[in-house]
Amino acid sequence: MSGTFVGMPGFPPATQPAFPKAAREAVNNPVLRGNLRHATHTIRAKRAKAVAEVSDWAALREAGKQIKDHTLRHLDRYLVQLEESVTAAGGTVHWAADADEANRIVAALVRETGESEVVKVKSMATQEIGLNEALEAEGIRAYETDLAELIVQLGHDRPSHILVPAIHRNRGEIRDIFRREMGEWGRPAPEGLTDTPAELAEAARLHLREKFLRAKVGISGANFMVAETGTLVVVESEGNGRMCLTLPETLISVVGIEKIVPTWRDLEVFLQTLPRSSTAERMNPYTSTWTGTTDGDGPRTFHLVLLDNGRTDTLADEVGRQALRCIRCSACLNVCPVYERAGGHAYGSVYPGPIGAILSPQLRGTASEIDASLPYASSLCGACYEVCPVAIDIPEVLVHLRERVVEGGEAVRGGNKVLLKPAKGHAAERAAMRAARWAFSHPAALRTGQRLASRSRRLHPRTLPGPGRAWTGTRDLPAVPAEPFRDWWQRTGGGEDGAK
């Protein structure tokens, strides 16, 4: 396992194709596109209705942004406070600089219990580090208990959505997976299983129940950590998380260091915005909180693994650090026209969609082909920014990362300042941007170029030659006006002559 994994489980970034190639294959799959279109349109329509019920949504959004920004500015202080609070409550805190260290810590903790099986709550952080694969290498089998994650695991598949990992599957495909695979992992699917949602859910419930009752070790992430009390919070809709968090004797939680909020009062803001943005619910059906250990109630042993894995490097970037505000609601995925057509697998990361396009290249760098391509996996329409409950300006960060890919420059990797080289394949773009910079810095040359373009517009081609064909292959080349704006302004006196 690479210390900077953050990719699809079993697929290191260096082996994954660039986004354009992967997306081209995805958009030619009509079943996939149909599944994605139906699911994303349904979720975003419900979300819009749920958000419209809240009269102070804009104020909640701004409050969430301010809380996150304040916490990130003082992250060192709140991390120390969290460790002290968790320890005082009977828990043990471990610090993991990268994926390798986190996996070693978790594997060692499981081995200490003498168990060879664990049940898991849905967790992006454990997917990020490839924990299931690392545990398997140590002879420990991890069972996903979230319904969508179970579908992905039984199907030997990869997640394609932050909230609904099996969004690319329809009911018929899920039925076939259950019939074929459940018996290999535990209790088999019932005879005559159909594709009705109730029967599929019941088959999953029966299959998982024996896992819950047998498991002695549970592994989770957390949506939030409250620094003042050392409390961890998991919100979910199915109840599987509650089972994993309360039944096992040992609980291990792997959480990114950015998931801290200072106080319970701060948590209240996110418990309003997260459910509405993610599942379009006024509140989550299950909100589980735990603080250390308590005699006679819940796990006897609690371990918290605080994960960095590129987060402090991201924090050092004044523009890109806003990605660490993310509360993993997935609203940006559901409104993104690119994600709707390409799906999550094309992003080559456990964080797909617009947030993945800015988070993954920062956590793991832009050296690989897939990471250098992710900042371009967007039309910059801005829909993602409009729905983000913590106001992450994703288009701003995308443009910022595009500049990094094309021009290189200073960045922080592994806690050290480094000078990044420009990515390969962008020489023409660099030349075009430098030519544009020169032209905009020389008004006379710009004016002359505009006039020449206007006077020769009848000779302009409908498509661009050479590398430009990739752009005009799916777009119309904008028509050049009959005269430049500056000439029109001078001729009309800023439009006053035309108004008369």
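Looking at an unreviewed UniProt entry, the chain carries the name LutB/LldF family L-lactate oxidation iron-sulfur protein, with the source organism given as Streptomyces sp. 900105755.

Colleague: Summarise unusual backbone geometry; cite the residues concerned and give the values.
Modeller: Peptide bonds are mostly trans, and most non-glycine residues show a negative phi. At Arg328, a residue that is not glycine, the phi angle is positive and equals roughly 60°. Relative to the helices and strands, Arg328 resides in the loop between α13 (311-315) and α14 (331-335). A relative accessible area of 9% means that Arg328 is categorised as buried. Of note, Ala391 is a non-glycine position whose phi angle comes to about 55°, a positive value. The class of Ala391 is buried, set by a relative accessible area of 7%.

Colleague: Before we move on, could you go through the packing of helix α2 (residues 30-52) against helix α12 (residues 264-278) and cite the residues and values that matter?
Modeller: At their nearest, the axes of α2 and α12 sit 7 Å apart, and the two run at 145° to each other. Residues Ile43, Arg47, Ala50 and Val51 of α2 form the contact with α12, whose participating residues are Arg276, Ser277 and Ser278.

Colleague: I'd love a proper account of the nonpolar core, names of residues and values included.
Modeller: Among the nonpolar cores identified, the biggest contains 103 residues, and Phe19, Phe178, Leu304 and Ile358 are the most heavily contacted of them. Excluding residues within four positions of it along the chain, Ile358 makes contact with Ala323, Ile392, Ile394, Val397, Leu398 and Leu401. Counting residues in hydrophobic clusters, the runner-up holds 21 residues, among them Val106, Val110, Ala142 and Val305.

Colleague: Kindly report on the environment of Thr301, identifying the contributing residues and their values.
Modeller: Turning to its location among the elements, Thr301 is positioned in strand β10 (residues 301-307). On the basis of relative accessible area, Thr301 is assigned to the partly exposed category, the value being 33%. Thr301 sits 90 residues away from Lys211 along the chain, and the two C-alpha atoms are 19 Å apart. Among all residues touching Thr301, those that are not within four sequence positions of it are Glu249, Thr250, Leu251 and Thr293.

Colleague: Go over the pairing of β10, please, and point to the residues and values.
Modeller: Across the 7 residues that make up β10, a large majority, 6, are buried. With 5 bridges joining them, strand β1 (residues 92-96) and β10 adopt parallel strand pairing. Considered in β10, the bridge of Ala96 is made with Leu307. One ladder, built from 7 bridges, connects strand β7 (residues 250-256) with β10; its direction is parallel. Following the sheet pairing, Val254 is matched in β10 by Val305.

What counts, and at which threshold
- Residues numbered from 1 in each chain as written.
- Predicted model: local features only at pLDDT ≥ 70, side-chain atom pairs only at ≥ 80, totals over all residues.
- Heavy atoms only, no water.
- Helix = DSSP H or I, 4+ residues; strand = E, 2+ residues; numbered from the N terminus.
- Buried < 20%, exposed > 50% of the residue type's maximum accessible area, 1.4 Å probe, protein only.
- Axes fitted to C-alpha atoms, helices over the stretch in contact; angles between N-to-C directions.
- Contact = heavy atoms within 4.5 Å.
- Core = buried A, V, L, I, M, F, W, Y, C linked by side-chain atoms within 4.5 Å.
- Pairing = 2+ DSSP bridges.

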